[in-house]
Each structure stands twice: as structure tokens, then as C-alpha cells.
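Inside the fold
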Amino acid sequence: MTDSASPGFPHRHLLGIEGLQPPDITYLLDLADSYVEQNRQVDKKKSVLRGRTQVNLFFEASTRTSTSFELAGKRLGADVINMAVQRSSVSKGETLIDTAMTLNAMHPDVLVVRHQDSGAVQLLARKVSCAVINAGDGAHEHPTQALLDALTIRRRRGRLEGQIVAICGDILHSRVARSNIHLLNIMGARVRVIGPPTLMPRAIDELGVEVHHDMRSGLEGVDIVMMLRLQMERMQGAYVPSLREYFHLYGLDQAKLALAKPDALIMHPGPMNRGVEIDSLVADDINRSVIREQVEMGVAVRMACLEALTHHLPNVGPAQ
Amino acid sequence: MKRPANPGAEKGKLVAYLNARLLDPATGLDTPGALLTVGEQIADLGPRLFADGVPSGVETVDCGGHCLSPGLIDMHAFVGEPGAEHKESFASASHAAAAGGITTLICLPNTDPPIDEAAIVEYVERRARENSVVRVQPMAAITKALKGEEMTEMGLLVEAGAVAFTDGDRAVASARVMRRALSYSTLFGKLVIQHAEDPSLARDGVMNEGEVATRLGLAGIPTAAEAMVVERDLRLVALTGARYHVSQVSAADTIEVIRTAKARGLKVTCGTAPHYFMLNENAVNDYRTFAKVSPPLRSEDDRLAVIEAIRDGTIDVIVSGHMPQDVESKRLPFAQAAFGAAGLETMLSVALSLYHSYDFGLNQLLAKMTCGPARLLGLNSRGALRAGAKADFTLFDPEKPWRVDVDKFKGKSKNTPYEGLPLTGRVLMTVVDGLKVYDRNIGA
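Note that the structure is a prediction, hence the values are computed from the model and not measured.

Summing up its helical and strand segments, chain B has 14 helices and 18 strands in all. Its C-alpha atoms give chain B a radius of gyration of 21 Å, near enough to 22 Å, the size a compact globule of 444 residues would have. Considering only contacts in chain B between residues 6 or more positions apart, those separated by 24 or more positions represent 75%. For chain B, the computed accessible surface area is about 16200 Å², with 48% contributed by carbon and sulfur atoms. Side chains of chain B give 48 positive and 54 negative charges; the mean places of these two sets differ by 2 Å.

Below, the structure is given as C-alpha cells:
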């Protein structure tokens, strides 16, 4: 990933958290932090990316992430194009590489890519000359989600180091879980993963996490409870017997939450399935739930990532 | 065999191969010496042959002291004819095979249409006869259209020339169908070869299940998917008395199962491909689709277990596992990319890594690619250096270093996981039925 060295963030693309160093992450979080305040002002517009073209290329449906990236780009002054591919071009026989080459010929500066296959964004990044941000690839990584989670935790707790974080739910299919595991480990937090054995990938402990199948023991004494979204199509007997049983064993409710530290924060990458993985009362607990704050941090973090990567683009002048 | 534009094809022609290191794993022969061919056959060989000079009228070839072994027999290669000629044809596959020292190519039936009836066997044999520079013998499907449901006409297929039965890269999943196929096959004494992977357990899996798959977010295939098919099949072998062979073993679990069954006297044999002892699952890092093969590359422990199983005889044969894929099938996100690695041109060189790094004897290693497969397939006139046998042999220099360069590959597809890799040991010349089909010096 590393290309030319530059102050702050020495990478040409942001394809994943794995492989980043603590200063890389701190740099992005600090920069994002500065945007949080600005985003709360009436005039939210900066011109760091003026003249730049950002293309959001989403092969998999997403409203929240693409909106967040769109807003981030626009607030920095970029021209933002949204392309929802949704297999339409693919069904016409165009391959991912063809799509990448076509877009590349239009000279975008930043490509924000989401794809349903693990590794697809990496593959695409090799074929284009612009900066690429991974907005989620299969079950591999979703780096900006992990960064926004980290920013949320850091702003609430002052630091990431030493925090005990429990990630609960469908770890097997979750790119959010993988990116968070990498980031939290890099920054010195302690990570537990909680879920049924059917939703736990093999050898996940080798990624440096403590594995719990009993949610109660897993939540004991944690600082942060990070819930994952359960895809409905994975229920009904395929991985767990029923929604009812899943909520009974792994849904976050007051009783289970009581085992965590009294001031434990509740997080969720959204969109939530209320009553499946999280109880409404818990999700809306204004003292502990930081779910809406995560969304706010998302825009700031994506602005930081866009800005950090544009430092490496050719012809970069003293734009700011 | 009719081979267009091949020099020196005259019947009864005498050629003396001098100054060779003769290696014959069938007899354990390892000696400096010479070999004489008359037409298609080996007439004589030994350390004292031509000690008093070569009579006039005999063409001579100086082997430069290099190793002369029986021609390699590759029991598992996909050739795209019919149906996928853009990936590999008999012409391209056979030149690739010749460059890899392979003189007999046993091709898989998972073509389009599949080799599941006698007419297709005959078609394949004719195409091969007209286009191939090495000997090609087809395997036929176990089940019609490779669907795993109804048995093929094994008797007619054998009469047409099928040397063994397999559903190629598909497992026969139904125990009932497998039992009947094994049972019926005993009429003909041919091997029934299983692709050991339980399809329901492997389903969406694209690589070995474990830490690497977890990190890459790729769906895994557990080693149990391989071992359990073999365990089940061995029950059926005990029931039927058939000759059963596992095409490519990749996992320590499977090896243990086969080792135990052999000790109990069951008629089970198995093969493996060079990538299972040269590479492990880490080759998949960075989503390298050229390392996507079936069965998948396993852990380092599995790799070492494969090497030990070759050494102790649990694994009987080494095959190329040749599965050519074009760029369009591989330049895709990992989960969508096709399985398979080109293997003909690197089989011997990669296998020689066991000689260089794991203390294998040359004959011990060559047995897995010559007399081993010849015995399993009943190819009595091949796989050995013997007066009266077919003049199929391979001349190679086990110490010659080279670097894998796909641009120099003779096969149509370049999907090797070894691109750019330095290897030690290289084929110099390949002779089939007394005819030189590859000569590195002249790049034939």
C-alpha cells in the first residue's frame, strides 16, 4: 500500500486497516476531529478538494455509506459522482477490471468503492491511477467504519489504549468486525468477539481476540459494546435457528448490558434490526448509546481520509 | 502414432543415446551408460552398451552425463478439447507436456461435452493422434454428464480406450451412486478416481478454511470436506472390492485416513500435485487467483504431511493437476475466479524440490511419475527403461537453475502460481515412441 512518503498519511490508497501503523491512524483521527467542529458550523464548506473529482462506485447497495462519502466530498469542495453499478454492467458482461479502466479514463482523483467480493477493491486499485478508498469489500474490510468507531470512542473516552471492546454478532460475514479488530489491536485496545459458533470464523483468535460464545461472560467488565447487524437472510435455520432464539441468546438487552461496566458505550454500525440484535430501549438510551454520534463521526472521518489521500495525487499544489 | 512434420520417423531407425545417467525407478537402476532405440522401442541399455564404440549406421545423441529416465506419465491433466480449445488444445497441451518431460498425458473427462460415451473417447483419441506430440489417453466419466446420478457405459468406454474413470473436478457425492460405480467397475479392473471434496460442506468455499481465509474474509473449505469423502468411500471399497484412487490429496487428515486403510489392505491409492507440497495457503495472500486451486492449498502442516506421505508411499503418484485457465477466468475478484493452475511445464522441476530440499532420491521421486502411474493404469509397455518397452524417455539436468517465465510457456494458458520463481532442475529433451518431441537446445 505504501507509495511515496509524505507527512501524515504515507499511503496512496486506503484499502484496509491491516498494515497501518499507529501514527497513520492517529493522523486520520486527529484530522477527522478537526472536521467534527467545522461540520457543526453553518458554513461547512472547505476547498481542499476544489477541482477534484470523486466517484462513489457502489457495486452493492448502500444508502448510508454512500451518502456519508458524498457529503464528505462535497464539504471539501470536490465534484462528486455517484455510480450504483448493482451488477447491471456486470450482467452485460463488463468485468470489474473493465469498469475500473473505463472510469480511470475519465481521470477521477478519488474512487470510493464498495463491492460484495472480498479483495475486489484491492484488485481494482491495481488498475487505476487515482486514489482508492475501500468502502467495504465482501467480508474483508471496511476501514472508514473502523476509523469512525475509533473516533467515537476516543472522543468519549479520551483514548483507545486499554479499552475493553466487545464486538457481538455475525463475526463470520462482517467486514466491520475485521477492520475494528485490526484497528483496536493496533491502537492497544483489548478486543473480545461474541457470537454463536456458526457465526464465528475459524481461527479468529489468531487475529488477537478473545472468543466468547456466552454473551454474558463476554460482556463482563467491557468498556464498549459494539453490536453488528445480522443479515436477515442468514437467519431462519441457516446459521441460527430463529430470530427469537438469536435475540434470546445474543440480543443486547438491559439484563445483558448490566454485566458491562456501568458507563459502557453502546455502538452499532447501522442499520439496526431492532428486536433482533438490539433492544430498542438500549439503542435509544441517550446516556450510553452513541449510535447517532457514529453517523456524525462518519462524515468527519471520510473527509479526513479524502484529504489525506489527495496529498499524494499528482499536480498537488498548495491548495489549502 | 502419426506425427506430422516429425523428423527421423523412419521405421527401424537406430539411435544411440550415449553418456547418460540411466535412471529406472522400476528396477532401481542408477548408472552411467547408454541406451539404444530401434524405431519405437528400446532395444538395449546399460553401463557397458557401446563400451567398444558405436557401430556405423547408428545415429548418436550425446546426453552430456545428464539423467535419462522413463518418460513421465501425468495422470491428471485437463485439456480443453472438446469445448474449451481457447484454454488448451491437444496441440498446445502436448507441447507443454513435452517441455515438461511428460510423454503420456492422461486427460480428464470434464470437457464440453464430457467424455461420457464411447464416441467421445474415439473423438478425443483421434484428435490427439492428429495433433498431439505426446501420447494421450483419456479417462472417462463415472457418471453421465458428470452429474453424479447415473453410471456411464463403463464397458463400452473401456473398449474404446478409457484408461480409468473419474468425474474430473467433481466429486461423486451420492454414496449410492458411488457404491454402484465401484461395484460395476470391478468387471473391468479400472481405477475409479474420486475428486475428494464433499460439495455440500465445501459449497461456497474458495480457499482453505483457517486464519488466512478469516483474515481475507474469504469462505473456507475445511480439510474435513476432503477426509470425510475418502472415509466414506473406503467403506464402499471394503464393500465392493473395487480399485479406488483419490486424485489429489491436499490434507494431513486425508493422508492419515489413507495410510490406515492401506495398512488394513484396502485397494486404495492416491496422488497429489506439486502445488500441494511446494505451496501453502499463504500463496493466496493478496487475493492471488493463480493460487486458487481445487482442492485448495492448505496449511504448512498439511504441506509437510504431503511430503512425508510421498516419502513413505502413502501417496503413490505425483500428477501435474494441469488446469489451464484464460486471463478472463482469473482476473476477477477471488471468489469469482476459476479454480486451477497450469502445471505441465513445471511438474518435474517443482517435484525436484523434494530431491534438493527434502532428501528424496531421484528414483524414489521419479517412481511417482513413471512406473507408479503406469502400474495403476495398466500401461505395461511404458514407465520403465527396459528392452522391449516403448522408447519414451526424458532427459533432464536436476541441477540446472532457471526462472519460471510464462512468456516462454508452450501451453495456451499461463496461470502458473510459480511465475518468476527460481527452480532447480530442468528438462532437456523428451522422446516419445523413439521420436524427439522436445529439445531444449533447439527449442522444439
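Listed per partner, the contact involves 17 residues of chain B and 23 residues of chain A. Across the chain B to chain A interface the summed buried area is about 1600 Å²; carbon plus sulfur atoms make up 55%. At the boundary of chain B and chain A, one finds two salt bridges. Here Arg 215 of chain B makes a salt bridge to Glu 18 of chain A, at a shortest N to O gap of 3.2 Å. The interface formed by chain B and chain A holds eight residue pairs in polar contact (both at pLDDT 80 or more) in total. Here the residues of the side of chain B that touches chain A sort into eight nonpolar, four polar and five charged.

The next thing to look at is the pairing of strand β8 (residues 224-227) of chain A. Residue and element names in this part refer to chain A. Residues Ile 224 and Met 226 line one face of β8 and the alternating positions Val 225 and Met 227 line the opposite face, and both faces are buried. Here three bridges tie β8 to strand β9 (residues 265-267), and the two strands are oriented parallel to one another. Counterpart to Val 225 in the pairing with β9 is Ile 266.

Pairs of packed helices are described in terms of their axes, by the angle between the two and the distance that separates them. Residues and elements named next belong to chain A. Interhelical geometry of helix α1 (residues 22-39) versus helix α6 (residues 143-157) gives an angle of 70 degrees and a closest axis separation of 10 Å. Judged on the interaxial angle alone, α6 and α1 are roughly perpendicular. Contact residues: α1 offers Ile 25, Thr 26, Leu 28, Leu 29, Asp 30, Ala 32, Asp 33, Val 36 and Glu 37, while α6 offers Leu 147, Ala 150, Leu 151, Arg 154 and Arg 155. Grouping the amino acids of the contact of α1 with α6 by side-chain chemistry returns eight nonpolar, one polar and five charged.

Our next topic: the sheet that holds strand β2 (residues 79-84) of chain A. Residue and element names in this part refer to chain A. The strand order across the open sheet built from four strands is β2-β1-β3-β4, with neighbouring strands paired in parallel fashion. Taken across any chain shown, the strands that pair with only one partner, and hence form the sheet edges, are β2 and β4 (131-137). Here the average twist between neighbouring strands, direction ignored, is 15 degrees. Its contacts with the sheet place helix α4 (residues 96-104) against β1 (53-58), β2 and β3 (110-115), and it is angled at close to 165 degrees to β1.

This brings us to the pattern of salt bridges. In this structure the tally under the stated criterion is 36 salt bridges over all chains. Salt-bridge contacts for Glu 70 of chain A lead to Lys 74 of chain A; the nearest nitrogen and oxygen are separated by 2.7 Å. Separated by four residues within a single helix, Glu 70 of chain A and Lys 74 of chain A lie in helix α2 (residues 64-75), roughly one turn from each other. The class for Lys 74 of chain A is partly exposed, based on a relative accessible area of 36%. For Arg 311 of chain B, the salt bridge goes to Glu 308 of chain B, with nearest N and O atoms at 3.1 Å. Linking Arg 311 of chain B with Glu 308 of chain B, this pair stays in helix α10 (residues 300-312), spanning three residues, or about one helical turn. The exposure class of Arg 311 of chain B is partly exposed, given its relative accessible area of 30%. Through salt bridges with shared partners, one network takes in Asp 30, Asp 33, Glu 37, Arg 40, Arg 154, Arg 155 and Glu 296 of chain A.

In this model, chain B carries an average pLDDT of 95, and 97% of its residues clear a pLDDT of 70 or more. If you check the scores for this complex, the pTM reads 0.93 and the ipTM reads 0.91.

Below, the discussion takes up the environment of Arg 176 of chain B. Here Arg 176 of chain B lies in helix α4 (residues 175-185). Distance in space between the C-alpha atoms of Arg 176 of chain B and Glu 149 of chain B is 9.2 Å, their sequence separation being 27 residues.

Before going further, it helps to spend a moment on α2 of chain A. Residue and element names in this part refer to chain A. With twelve residues, α2 extends 16 Å between its outermost C-alpha atoms, agreeing within 8% with the 16 Å of an ideal straight helix rising 1.5 Å per residue. Of the residues making up α2, those classed as buried are Thr 65, Ser 66, Ser 68, Phe 69, Ala 72, Gly 73 and Arg 75. At the C-terminal side of α2, Gly 77 shows a positive phi close to 90 degrees.

Residues and elements named next belong to chain B. Domains assigned within chain B are domain 1 (7-68 + 389-442) and domain 2 (72-377). The C-alpha-based centres of domain 1 and domain 2 are spaced at 26 Å. Listed per partner, the contact involves 39 residues of domain 1 and 47 residues of domain 2. Of the roughly 3200 Å² buried at the junction of domain 1 and domain 2 (both faces included), carbon and sulfur atoms supply 63%. Sorting the residues of domain 1 by area buried against domain 2 places Lys 412, Asn 415 and Tyr 418 first, and these three jointly supply 22% of that buried surface. In this structure, the connection of domain 1 to domain 2 is made through zero salt bridges. Here domain 1 and domain 2 share 19 residue pairs in polar contact (both at pLDDT 80 or more) between them. Counting only elements with at least two residues in the side of domain 1 that touches domain 2, the list comes to β1 (14-24), β2 (29-38), β16 (393-403), β17 (422-432) and β18 (435-439).

Rules of the game
Residues numbered from 1 in each chain as written. Chains lettered and ligands numbered in written order. Predicted model: local features only at pLDDT ≥ 70, side-chain atom pairs only at ≥ 80, totals over all residues. Heavy atoms only, no water. Helix = DSSP H or I, 4+ residues; strand = E, 2+ residues; numbered from the N terminus. Rg over C-alpha atoms; globule rule 2.2 N^0.38 Å. Contact = heavy atoms within 4.5 Å. Areas by Shrake-Rupley, 256 points an atom, 1.4 Å probe, with all protein chains shown as cover. Lys, Arg positive; Asp, Glu negative; His and termini not counted. Charge placed at Lys NZ, Arg CZ, Asp CG, Glu CD. Buried area = accessible area lost by both parts, 1.4 Å probe. Salt bridge = Lys/Arg side-chain N within 4 Å of Asp/Glu carboxyl O. Polar contact = N/O pair within 3.5 Å; in protein donor to acceptor, adjacent residues only side chain to side chain. Nonpolar A, V, L, I, M, F, W, Y, C, P; charged D, E, K, R; others polar. Buried < 20%, exposed > 50% of the residue type's maximum accessible area, 1.4 Å probe, protein only. Pairing = 2+ DSSP bridges. Axes fitted to C-alpha atoms, helices over the stretch in contact; angles between N-to-C directions. Parallel < 35°, antiparallel > 145°, perpendicular 65-115°, else oblique. pLDDT = per-residue confidence, 0-100. Expected span 1.5 Å × (residues − 1). Domains from an automatic or database assignment.

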